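Architecture at a glance
Spelled out, the chains give:
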Amino acid sequence: MSIVIRMGDIYESVMELAKRRGFVWPTSECYGAVAGFVDYGPLGAMMKRNVENLWRRFYVIREGYYEIECPTVGSESIYIASGHVKGFADKMCQCPQCREYLRADHVAEAHGTNGAACLSAEDLAALLHGLPCPACGELLENPAVFDFNLMFETSIGPGSQRKGYLRPETAQGIFTDFNRLVRFYRNRLPFGAVQIGKSYRNEISPRQGMIRLREFTQAEAEIFVHPDQKEHPNFSAYADYAMPLLGIEQQQKSTPSILVTMKDAVAQGLVANEYVAYYLALTHDLLLRAGVDAEKLRFRQHLPDERAHYAEDCWDAEIFSERFGWVETVGIADRTDYDLRAHAKESGESFTVFIPFDEVRYETRRRIVADMGVLGPQYRGRAKRIADALAVATPGNEGAEVTIDGETIFIPKSLYREVEEQVEIRGIEVRPHVIEPSYGIDRMLYAVLEHSYAEEMVEGEVRKVLRLPPDIAPVQVAVFPLMNRDGLDEIALSITGILAERAILAQYDDSGAIGRRYRRQDEIGTPFAVTVDYDTREDGTVTVRDRDTMRQVRLPIGDLPETLASLIAGTLRFDQL
RNA sequence: GCAUCGAUGGUCUAGUGGCAUGACUUUGGCCUUCCAAGCCAAUAGCCCGGGUUCAAUUCCCGGUCGAUGCACCA
């Protein structure tokens, strides 16, 4: 019936369509676009929201991880704790000869300077002067050393007293709200929270359109689990879910990915635990549901040298793009307690959950109780500190030694007594581990557009069509009068209204020949089109046309809301009509 | 950020130191009983800034954006 034709540069075609039909535009074109930023046009914004809502259906509604919303501007302390201020600011310089960018501290380290990363830019520049460029060998002359941090910096309030950063990921907001979240979830593990929102990274050289943006949308879930209980309570839902995994071993031996069930992947130790496996499967499920081509999706495990030192296991969902190759779109990591520990250290708060024991436990503890009646007058200001030090000291036969301000003081036995007491232990403070699935929504959206895009020959004409899942498509239904007269238009308009009341986004169009109107909708991926013709006036039926097959069936107008709603939800297939 | 190449209505494109092509799209009208039909009309463009010149969309310089290579990508 139709032949799919070979396409040239699919990226060009997809982006041309996306621009022309209002999916994605270069930002602020009237002043000259800025690389790394895009505007979502009317259809793009609609489609993006549909993708986000699909994500919410999986993570918020199904998993029960509630969504929070934090500021995109955060104070410096957050990112000092997270490691972004230090870990993301590299001292760099450029070789004046070959123009190679160099990590200034690396060059200095290579020539025998230890701890070069901690030196100031001036000191580093002085050190580098006269050293050979590792790229071209020319001697560096007074190289300009500058900080490059991928975070956008800003100041909070007038006079720029307080430094702030645009968040480089949404995750930190969930971590900084941890203690509130623990109470919200009534002190029980596991629990999770999610956030969908903008993040910012001042990429040195953003290329590749929507793939590498300076402002982008992330959907992140942080799932807090007991460190010793990494069995997902609902693991059975995905235990038998089979999908191809490209583990470390497969990559090192250059063998293809292996098809395994999640149950086996965990049993074989390929995936670290049930939680990670569960979200690998859920992500696979979600991406296919969003319109990603299963053949162009793989899950790749981070190699030991690319995995962060604290991560127990880390996988990327990579989506194949004709233009960009394999693109990391989702990261799924077991981050252990790294983030919570870092914030606990920086903020001084605990970042733990109190887990009660099933039964109260009793422990016998020895404690040293100072005789403050004597210690107080004798040591005055230092008495309290001495008593505290005594409490944890290990006394000898004659007495105990404590060290205060570097001075070792001997406290004779007579000034304290050792008591043995029974303590009730009702539970312990546990610092949860974090399982983090992190999605790049813009990349996902681009991948869905690219994978959905098709050109085919229909009766000598090229038909461009986006085969988007019905609930991802920006517009769900188009409504046409066959002729723009004889009352057909009024009927079509009233159908549009009826569908709107059922919260179905229907677009009315009476302009131009009917075939042209079908093509217009094909191009933006509208899955269904309702046409009012002369039979409608006789028997109250209309045709419903399926985008992918271009087949039509007649239905009574009264059935439309229910039938279309089921078709869009995917509970009914068109070929079942 | 460096190097090379490019930028003409919404889209694709012709062309030029002197009134800027054509097609498609869009809008209006006529026509039209289901897949970009036809006819008439309309709307709409030389990326931005500076220089050379009587005159610059065209030549020169700088910038922006895009493509490619290098570098970067916790």
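First things first, this report covers the structure right here in the doc. The shown structure was predicted, so the numbers you read here are calculated from the model rather than taken from an experiment. Throughout this description, residue numbers start from 1 for each chain and increase along the sequence as written. The order in which chains are written sets their letters, starting at A; the order in which ligands are written sets their numbers, starting at 1. With the structure being a predicted model, the display of local features is reserved for residues of pLDDT at least 70 and the display and counting of side-chain atom pairs for 80 or more, all residues being used for whole-chain, interface and lining totals. To get the side-chain values, all heavy atoms of the structure are used, and hydrogens and water are removed first.

Ordered by their spatial adjacency, 3 strands build an open sheet running E5-E10-E9, and the pairing between neighbours is antiparallel. On the outer flanks of this sheet lie strand E5 (73-75) and strand E9 (153-156), each paired with one strand and no other. Mean inter-strand twist for the sheet, computed between neighbouring axes without regard to direction, equals 45°. Sheet topology note: the E9/strand E10 (residues 162-166) ladder contains 4 bridges and is antiparallel. Each bridged residue has a counterpart across the sheet, and for serine 155 the counterpart in E10 is lysine 163. Two strands make a pair as long as DSSP finds a minimum of two bridges between them. The way it works is that DSSP assigns letters per residue, a run of H or I at least four long becomes a helix, a run of E at least two long becomes a strand, and they are numbered from the N terminus. Structural elements are reduced to axes, namely lines fitted to C-alpha atoms, with helices fitted over the stretch in contact, and the angle between N-to-C directions of any two is expressed from 0 to 180 degrees.

Attention shifts here to the pairing of strand E22 (residues 433-440). Relative accessibility thresholds used throughout: buried, under 20% of the residue-type maximum; exposed, over 50%; partly exposed, between the two (1.4 Å probe, protein chains only). Judged by how many residues are buried, E22 sits mostly within the fold: 8 of 8 residues are covered. Side chains of E22 alternate between two faces, with His433, Ile435, Pro437 and Tyr439 and Val434, Glu436, Ser438 and Gly440 buried alike. Where strand E12 (residues 215-225) lies against E22, 6 bridges are found, and the strand directions are antiparallel. Looking at the pairing, glutamine 218 lines up with glycine 440 of E22. In this sheet, E22 lies alongside strand E17 (residues 325-334) in antiparallel orientation, the contact comprising 5 bridges. Following the sheet pairing, isoleucine 332 is matched in E22 by proline 437.

For the rest of this paragraph, the subject is the protein's contact with RNA strand B. Nearness of a residue to a molecule or strand requires only that one of the residue's heavy atoms be within 4 Å of it. If you check the shell around RNA strand B, you find 38 residues, and the closest are Phe88, Arg201, Arg207, Tyr518 and Arg520. Take the atoms of RNA strand B that sit within 4 Å of the protein: sugar and phosphate atoms are 53% of them. Under the rule applied, a polar contact is a pair of N or O atoms within 3.5 Å (in protein, one hydrogen donor and one hydrogen acceptor; residues adjacent in sequence only if both atoms are side-chain atoms). Take serine 511: an N or O atom from its side chain is 3.2 Å from a phosphate oxygen of RNA strand B. Looking at the surface near RNA strand B, the elements with two or more residues in it are helix H1 (10-20), strand E24 (461-466), helix H18 (514-524) and strand E28 (541-546). Considering each element in turn, the surface near RNA strand B owes the most residues, 6 residues, to H18. Each residue gets one of three labels, nonpolar for Ala, Val, Leu, Ile, Met, Phe, Trp, Tyr, Cys and Pro, charged for Asp, Glu, Lys and Arg, and polar for the others, Gly among them. The residue inventory of the surface near RNA strand B, partitioned by class, reads 15 nonpolar, 8 polar and 15 charged.

Along helix H13 (residues 338-347), the residues that are buried comprise Asp339, Leu340, Ala342, His343 and Ala344. Against the buried residues of H13 lie helix H3 (76-82), helix H7 (171-176), helix H8 (178-184), E12 and E22. Directly after H13, the chain includes glycine 348, whose backbone phi takes a positive value near 80°. Any two residues whose heavy atoms approach within 4.5 Å are treated as being in contact.

Between helix H2 (residues 42-62) and helix H12 (residues 274-290), whose axes approach to 9 Å, the crossing angle comes to 145°. Crossing angle aside, the handedness with which H2 passes H12 is right-handed. Counted together, Leu54, Trp55, Arg57, Phe58, Tyr59 and Arg62 of H2 and Tyr279, Leu282, Thr283, Asp285, Leu286, Arg289 and Ala290 of H12 form the full contact between these two elements. Its residues placed into classes, the contact of H2 with H12 shows 8 nonpolar, 1 polar and 4 charged. By convention the crossing between two helices is left-handed if the near helix lies anticlockwise of the far one by an angle smaller than a right angle, and right-handed if it lies clockwise.

The strands that make up a sheet are held in pairs by hydrogen bonds between backbone atoms, and each pair lies either parallel or antiparallel. One open sheet holds the 5 strands; their spatial order is E26-E25-E27-E28-E29, and the pairing between them is mixed. Strands at the two margins of the open sheet, each flanked by one partner only, are strand E26 (506-508) and strand E29 (552-556). Each strand of the sheet is rotated relative to its neighbour by a mean of 25°, with strand direction disregarded. Where strand E25 (residues 477-481) lies against E26, 3 bridges are found, and the strand directions are parallel. Residue alanine 478 lies in a different strand from E26, and its bridge partner there is glutamine 507. On the sheet, H18 packs against E25, E26, strand E27 (528-532), E28 and E29 and is oriented at approximately 170° with respect to E25. Across the sheet, helix H20 (residues 560-569) lies against E25, E27, E28 and E29, angled at about 160° from E27, the strand it touches most.

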